[in-house]
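Commentary on secondary and tertiary structure
Below are the chains, spelled out letter by letter.
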Amino acid sequence: MMSAAALCLFTACGDPNNPEPPEDEKPEYLDETKQSNMEITLGVVPITKDTTIDISEYEENPLTGAQVMEIRGSVRNVNGFRVTVTRSEEGLKDELCAGIQCVPGDGEKKQDFDYKLPSGQTEAKWYAHFTPAKEGTYTIVYQFQNYNRSITLTVNYNFK
């Protein structure tokens with residue numbers, strides 16, 4: 001009886017080699033069988049295909065004195081979306097905001113950010129903030145995903 005109970009406990013934990021959540025736990029907006037009408041802009045310029053840009057401008061954060069680099073845009077025709085962020089190295093300090101939610105980066109090389117818009121809304125502004133620790137070029141890739149559509153924005157942050 002005890003071994004049967006132990007077996008149930010171990011099977012409930014899931015496969016440690018497959019961290020992917022079960023299908024019924026995935027956000028609905030990641031259902032690749034559905035058609036997406038997602039539109040992404042960088043500033044006011046539509047991004048219709050995978051794009052790479054270079055950023056070298058920065059501002060001083062008045063509260064911390066740190067130099068901050070930023071990009072802004074919008075996402076339209078969605079109820080929710082995921083942004084998978086891939087950083088060129090671990091330990092980078094960044095933040096991704098969409099709508100009214102800002103989420104700091106976890107310092108890992110790859111991180112998923114999920115955004116569900118309030119009921120009835122289909123558009124949100126998004127912002128990415130990067131705080132460089134020293135001079136150099138840092139690459140952060142932002143992959144926006146909604147249903148069967150994925151658009152990748154690669155940003156080379158050049159801090160001198």
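Here we summarise the structure given alongside this text. (Residues numbered from 1 in each chain as written. Predicted model: local features only at pLDDT ≥ 70, side-chain atom pairs only at ≥ 80, totals over all residues. Heavy atoms only, no water.)

As a further point, take the overall build of the chain. Helix and strand counts for the chain come out as one helix and twelve strands. Of the regular secondary structure in the chain, the N- to C-terminal order runs α-β-β-β-β-β-β-β-β-β-β-β-β. For the chain, restricting intrachain contacts to residue pairs at least 6 apart in sequence, the fraction spanning at least 24 positions comes to 69%. Accessible area for the chain stands at about 10,100 Å²; split by element, carbon and sulfur atoms hold 51% of it. (Helix = DSSP H or I, 4+ residues; strand = E, 2+ residues; numbered from the N terminus. Contact = heavy atoms within 4.5 Å. Areas by Shrake-Rupley, 256 points an atom, 1.4 Å probe, with all protein chains shown as cover.)

All right, on to unusual backbone geometry then. Backbone geometry at Asn77 places phi at a positive 65°, although glycine is not the residue there. Assignment of secondary structure puts Asn77 in the loop between β5 (67-76) and β6 (80-87). Here the phi dihedral of Tyr147 falls at roughly 50°; this positive angle occurs in a residue that is not glycine. Structurally, the position occupied by Tyr147 is in the loop between β11 (136-146) and β12 (149-159).

Another point: the sheet that holds β12. Here five strands make up an open sheet; going across it, the order is β3-β12-β11-β6-β9 and the pairing mixed. For this open sheet the edge positions go to β3 (51-55) and β9 (110-116), each flanked by a neighbour on one side alone. Averaged over all pairs of adjacent strands, the angle between their axes in this sheet comes to 20°, without regard to strand direction. As judged from the eleven bridges shared by β11 and β12, these two strands associate in the antiparallel manner. Each bridged residue has a counterpart across the sheet, and for Asn146 the counterpart in β12 is Arg149. (Pairing = 2+ DSSP bridges. Axes fitted to C-alpha atoms, helices over the stretch in contact; angles between N-to-C directions.)

Take the side chain of Asp94 next. Tracing the backbone shows Asp94 in strand β7 (residues 93-98). For Asp94, a relative accessible area of 7% translates into the label buried. In terms of polar contacts, Asp94 uses its side chain to reach the side chain of Arg87, at 2.9 Å. Not counting residues within four places of it along the chain, the set of residues in contact with Asp94 comprises Val85, Arg87, Pro104, Gly105, His129, Phe130 and Ile140. (Buried < 20%, exposed > 50% of the residue type's maximum accessible area, 1.4 Å probe, protein only. Polar contact = N/O pair within 3.5 Å; in protein donor to acceptor, adjacent residues only side chain to side chain.)

Attention shifts here to the packing of aromatic side chains. Considering all chains together, one arrives at six aromatic pairs under this definition. For the pair Tyr58 and Phe159, a centre-to-centre distance of 5.0 Å together with 70° between the ring planes defines the contact as edge-to-face. Separated by 101 residues along the polypeptide, Tyr58 in the loop between β3 and β4 (59-60) and Phe159 in strand β12 bring together distant segments of the chain. Classification of Phe159 by relative accessible area gives buried; the value is 11%. A ring pair is formed by Trp126 and Phe144, whose centres lie 5.2 Å apart and whose planes are at 55°; its orientation type is tilted. In this pair, Trp126 sits in strand β10 (residues 123-131) while Phe144 sits in strand β11, placing the two residues 18 residues apart along the sequence. The exposure classification of Trp126 matches that of Phe144, with both residues buried. Through a chain of ring-to-ring contacts, three or more aromatic side chains come together here, namely Phe81, Tyr115, Trp126 and Phe144. (Phe/Tyr/Trp six-rings, centres within 6.5 Å; stacked < 30°, edge-to-face > 60°.)

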